[in-house]
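What follows is each chain in one-letter form.
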Amino acid sequence: MDKKSRHMRKWLPALAFLSLVSLFLGVYVGSVGVPASQVSTGIAYGVARALHLTTTSKPPKFFVIIWEIRLPRVLLAYLVGLALASAGVAAQALFKNPLADPYIIGVSAGASIGAAIASVYAPSQMGPFALVFAVFSVLVVYSAAKVDGNVPVDTLLLAGVAYGFMASAVTWYIILKEGERARVTWMWMMGSFNGASWANVGQMAVVTLLGTGFLIWKWRELNLLLLGEESVALGLDVSLYRKLTVGAIALLTAFAVSTAGIIGFVGLVAPHIMRILLGPNHRRLTPAAALLGGVLLVTADLVARVLSRPTEIPVGIVTALMGAPFFLYLLRKHRKGVFTA
Amino acid sequence: MRLDVDISFSYGEVEVLKDVEFSARKGELLAIIGPNGAGKSTLLKCMVGILKPRGHVTVDGADVLSLKPKERARMITYVPQSALPEFTFTIEEFVEMGTYATRGSVRRALETVGLWERKDEPVTNLSGGEYQLTLIARALAQDSRVVLLDEPTSHLDINHTLQVMELLRGMKEEHVTIPVLHDLNLALTYADRLILLHRGRKRWEGKPEELEPSVLEEVYGVKVKILEIEGERLLLAAP
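Values in this document were obtained by computation on a predicted structure and should not be read as measured data.

Help me understand the packing of aromatic side chains, please; the structure alone is not making it clear to me.
By convention here, two paired aromatic rings are described through the distance between centres and the angle between planes. Residue and element names in this part refer to chain A. For the structure on display, the rule yields nine aromatic pairs over all chains. Both rings, one in Phe 63 and one in Trp 67, keep their centres 6.0 Å apart while their planes meet at 10°; by these two values the pair is stacked. Taken together, the positions of Phe 63 and Trp 67, both in helix α3 (residues 63-95) and four residues apart, correspond to about one turn of that helix. Side by side, Phe 63 and Trp 67 carry an identical accessibility label, which is buried. Three or more aromatic residues joined by ring pairs make a cluster, and in this case those are Tyr 45, Phe 63, Trp 67 and Trp 198.

Have a look at this one:
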C-alpha cells in the first residue's frame, strides 16, 4: 500500500465525518433557534413518517422548520456541492487544464439566458427554462467545436469561452432592457438554496448518483484523459470518453444550475484542494473532491443564511469570498503549482 | 509474432506518408531512421491508431486498425516522445495507467527497468532518463505484442541511452520492438534491421552492415564515412 492510499484511508472517513457535521449544523443553525435535541427527534420522526412507521399524528416541536425547510435545503446544497465538485474534477481532466471550470462548456451561460427570459415571461419557471437553455447551449458549443467528427479539447475550450461572452451579452441586454422585472435574474445568477423542496432533493439525488457515480466509477479513464491522444496506445477510446465526460459534466451542472442558480468556485476549489492533498489519481480525487464540495456548499449556505440575518446573502458570493482567499493561500504554500502539487 | 504494415497518410492535401510497407518479427530489433520531417513519428502514430491512415496494419494476420482502441492496445502500444511529466502520479500509479496493466505486470515492468524500489515516489522526482524508463515500463506493463517507441533515447545521457538500448535488446525477445532512432550510430550498433524514411517514403531497408554511405549522403545531404573499428561500425558525418 502506497503512502497516498494510506492518506485516503484517513481522508475518506474524515470527509464523511465532516459531511455529517456540516449537515447537522446546517439543520441546527438558522434564524429560528432550534434545540440540538429537537434536530434528531425531528429527523427521526420525519423518516418514520415517510416510511409509514409511526402512528403519532402530532409531530414534535419545530418539525416543519426542520423537515420541510432546513433539511431539504441542506441536503440540496450538499448534493449540488457533490455535483459541481465532481464535474469540476472531470472538466479539469478533460481539458487537461487546472483552470477549467465545470461551467466552461456553456452551461452557466445558457442557463442565464434561460433564467433572464423566464424572469420576463414566466417568472415561476426559471428552473426549467434554465435547464433547457443550459442543455441547448452545451449542444451548440459541442457542435461548434467539432472537427471531422472529433472534438479537440482546445477548440472546445475556446468555443465555450466565445459562447460565454455571447450569452452574457444577451443576458445583460435582457436585464437592462426589462429593468425591474428582470432584476430577479441577478439574484438567481448568484445562486441560492432558498425554497428548496424534497422534489428538488430527489431530482438532484438521481442526477448526482448517475453523474458523480459515473465519474467515480470511471477513474481509470479520467486518468488516461490527462494523457490526451496518446492514451489510445494504452487502450482508451479517447473520443468516446470525451463525449461521455462532457455528457456527465453537462448533466450535473445543468441540473445544479437549474435548481440553485450559478454557484461559482466550488467546482474549481474543491478539486484543487484535494489534488494538493491527495495527488492527481482520480481513484481518490473524484470521491474526495465530491465530498469536500458537499461540505463546502453546506457551510457556505449556512454562512449565507446567518451572516446578515434575517436577510440572506446569495450563496455564490459566500463561496467566492470564502473560497478564493483559502485557495490563494494554498497556491502560495504549494509554489510548484496546482497540477504538480 | 509478426507485424505487417502498408499505409499512406495525408494531412488534408499534404501527403505525409506514401505507401510505406514493411514487416517485422519478434526477435529482431527494427529501427526506423530518417531526417527530421521524414514522417517517422507520424508512421508510429498511424500504426497505433492515434492518426487514421489508409491501408492496413496487421498483427499475426489480424487488422488492428479496425479494432476498438481497447482491443488494439492488446496488440500494439506506443511509447511517446518523452516530455516532462505534468502530473504527480506515483511511479507505480503511472505505470498502472494502461488498460491491461495488472499488479503483477506493473511489478515485472518496474523491476525490468530497475525502478520497483522507488515505486511510491512521484514521477516528478525522476530525471529525464528515469522518466523515459518509466514510460517504457508503462508500455511493458500492458504486455502488448508490438511496442513502438518514438525516439526513446533523445535528451538522455550516455549511460541512460545505453540502458534504454539494452532494455530494447531484451524486449525484442518478447515483443515486436520498433524504435524510431535519431542517433545513427545507435541504430547501427543495436538494430538488426533498419528502415530509412525520406519525405514520407521508404527510401531503403536492410541490415545495418549493408547500409552504404551514399544513401545517407543523399538523404541527409551531408558527407558520410562509415569506419570499422574492432568489429563495430562507426559513422562520421561532415558538412
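Quick question: what am I supposed to make of the sheet that holds strand β1 (residues 2-11) of chain B here?
All names here are of chain B. Here we have four strands laid out as an open sheet, ordered β2-β1-β4-β5, and antiparallel in their pairing. At either end of the open sheet lies a strand with only one pairing partner, and these are β2 (14-25) and β5 (62-63). Of the strand pairs in this sheet, β1 and β2 are connected by nine bridges, and their pairing is antiparallel. Bridge assignment links Leu 3 to a residue of β2, and that residue is Ala 24.

Explain the environment of Phe 94 of chain B to me, please; I cannot follow it from the model alone.
All names here are of chain B. By secondary structure assignment, the location of Phe 94 is in helix α3 (residues 91-95). Residue classification places Phe 94 among the buried residues on the basis of a relative accessible area of 4%. Phe 94 sits 60 residues away from Gly 34 along the chain, and the two C-alpha atoms are 31 Å apart.

It is not clear to me how the side chain of Thr 161 of chain B should be interpreted in this structure. Could you clarify?
As for its placement among the helices and strands, Thr 161 of chain B is situated in helix α6 (residues 158-171). If we ignore the near neighbours within four places in the chain, the residues touching Thr 161 of chain B are Thr 153, Leu 156 and Leu 186 of chain B.

Any chance you could explain the interface of chain B and chain A here in plain terms?
When the parts of a complex come together, some accessible area is lost, and that lost area is often taken as the interface size. On the side of chain A, 22 residues touch chain B, which itself brings 26 residues to the contact. Summing both sides of the interface, chain B and chain A together bury roughly 2200 Å²; the carbon and sulfur share of this comes to 59%. The largest per-residue losses of area from chain B upon contact with chain A belong to Phe 87, Thr 88 and Met 97 of chain B, which jointly make up 27% of the total buried on that side. Connecting chain B to chain A are one salt bridge. Across the salt bridge formed by Arg 284 of chain A and Glu 93 of chain B, the nearest N and O atoms sit 2.6 Å from each other. Between the two partners, chain B and chain A, sit six residue pairs in polar contact (both at pLDDT 80 or more).

What is the right way to read the side chain of Arg 305 of chain A from this model?
Its place among the elements puts Arg 305 of chain A in helix α12 (residues 282-306). Residue classification places Arg 305 of chain A among the buried residues on the basis of a relative accessible area of 10%.

Would you mind going over the layout of surface pockets with me for this structure?
Taken as a whole, the largest pocket holds about 660 Å³ of empty space. Taken together, 24 residues line the largest pocket, and the ones lying closest to its centre are Asn 150 and Glu 229 of chain A together with Ile 50, Leu 51 and Lys 52 of chain B. Put simply, the parts of the chain that give the lining of the largest pocket at least two residues each are α10 (238-260) of chain A together with β1 and α2 (69-75) of chain B. For the lining of the largest pocket, the class distribution of residues is eleven nonpolar, six polar and seven charged.

When you look at unusual backbone geometry in this model, what are you seeing that I'm missing?
A negative phi angle is the norm for most residues apart from glycine, just as the trans form is the norm for most peptide bonds. Residue and element names in this part refer to chain B. For Asp 19, which is not glycine, the phi torsion reads 45° and is therefore positive. Counting through the fold element by element, Asp 19 comes out in strand β2. Under the relative-accessibility criterion, Asp 19 is labelled partly exposed at 47%. A positive phi angle, close to 50°, is found at Arg 199, a residue other than glycine. For Arg 199, the location among the structural elements is in the loop between β9 (193-198) and β10 (201-206). With a relative accessible area of 68%, Arg 199 lands in the exposed category.

How do you make sense of empty space enclosed by the protein when you look at a structure like this?
To find leftover empty space, a probe the size of one water molecule is rolled over the atoms. The full count for this structure, using the stated rule, is two cavities of 30 Å³ or more. Put simply, the largest cavity is a space of about 60 Å³. Forming the walls of the largest cavity are Trp 219, Arg 220, Asn 223 and Asn 281 of chain A together with Phe 89, Glu 93, Glu 96 and Met 97 of chain B. The greatest single-element share of the lining of the largest cavity, amounting to three residues, is contributed by helix α9 (residues 219-225) of chain A. For the lining of the largest cavity, the class distribution of residues is three nonpolar, two polar and three charged.

What's the story with the pairing of strand β7 (residues 146-150) of chain B in this structure? I'm lost.
Residue and element names in this part refer to chain B. Within β7, five of the five residues are buried, which leaves it mostly tucked inside the rest of the structure. The side-chain alternation of β7 yields two buried faces, one formed by Val 146, Leu 148 and Asp 150 and the other by Val 147 and Leu 149. Bridge analysis of strand β6 (residues 76-79) against β7 gives four bridges, and the strand direction is parallel. Its bridge partner lying in β7, Ile 76 is registered against Val 146. Here five bridges tie β7 to strand β8 (residues 176-180), and the two strands are oriented parallel to one another. Each bridged residue has a counterpart across the sheet, and for Leu 148 the counterpart in β8 is Ile 178. Handedness of the crossover joining β7 and β8 through α6 is recorded here as right-handed.

Please explain the nonpolar core as it appears in this structure.
Side chains that are nonpolar tend, in soluble globular proteins, to be buried together. By size, the foremost hydrophobic cluster in this structure holds 190 residues, and its most contacted members are Leu 3 and Met 47 of chain B. In terms of residue count, α3 of chain A provides more of this core than any other element does, 21 residues in total. Residues contacting Leu 3 of chain B, with those up to four places away along its chain left out, are Phe 22, Ser 23, Ala 24, Met 47, Val 57, Thr 58, Val 59, Ile 76, Val 146, Val 176 and Ile 178 of chain B.

When you look at a nonpolar patch on the surface in this model, what are you seeing that I'm missing?
Together, Phe 17, Val 21, Phe 24, Leu 25 and Tyr 28 of chain A give the surface a local cluster of nonpolar side chains, amounting to about 430 Å² of exposed area. Checked against the element boundaries, Phe 24 of chain A lands in helix α1 (residues 3-28).

What counts, and at which threshold
Residues numbered from 1 in each chain as written. Chains lettered and ligands numbered in written order. Predicted model: local features only at pLDDT ≥ 70, side-chain atom pairs only at ≥ 80, totals over all residues. Heavy atoms only, no water. Phe/Tyr/Trp six-rings, centres within 6.5 Å; stacked < 30°, edge-to-face > 60°. Helix = DSSP H or I, 4+ residues; strand = E, 2+ residues; numbered from the N terminus. Buried < 20%, exposed > 50% of the residue type's maximum accessible area, 1.4 Å probe, protein only. Pairing = 2+ DSSP bridges. Contact = heavy atoms within 4.5 Å. Buried area = accessible area lost by both parts, 1.4 Å probe. Salt bridge = Lys/Arg side-chain N within 4 Å of Asp/Glu carboxyl O. Polar contact = N/O pair within 3.5 Å; in protein donor to acceptor, adjacent residues only side chain to side chain. 1 Å grid on protein atoms, 1.4 Å probe; cavity = no way out; pocket = protein on both sides within 12 Å on 5 of 7 lines; lining within 4 Å. Points joined across faces, edges and corners; volume = space filled by probe spheres on them. Nonpolar A, V, L, I, M, F, W, Y, C, P; charged D, E, K, R; others polar. Right-handed = clockwise from strand over helix to strand, strands pointing away. Core = buried A, V, L, I, M, F, W, Y, C linked by side-chain atoms within 4.5 Å. Patch = residues over 30% accessible without salt bridge, like charges linked within 9 Å, V, L, I, M, F, W, Y side chains within 5 Å. Areas by Shrake-Rupley, 256 points an atom, 1.4 Å probe, with all protein chains shown as cover.

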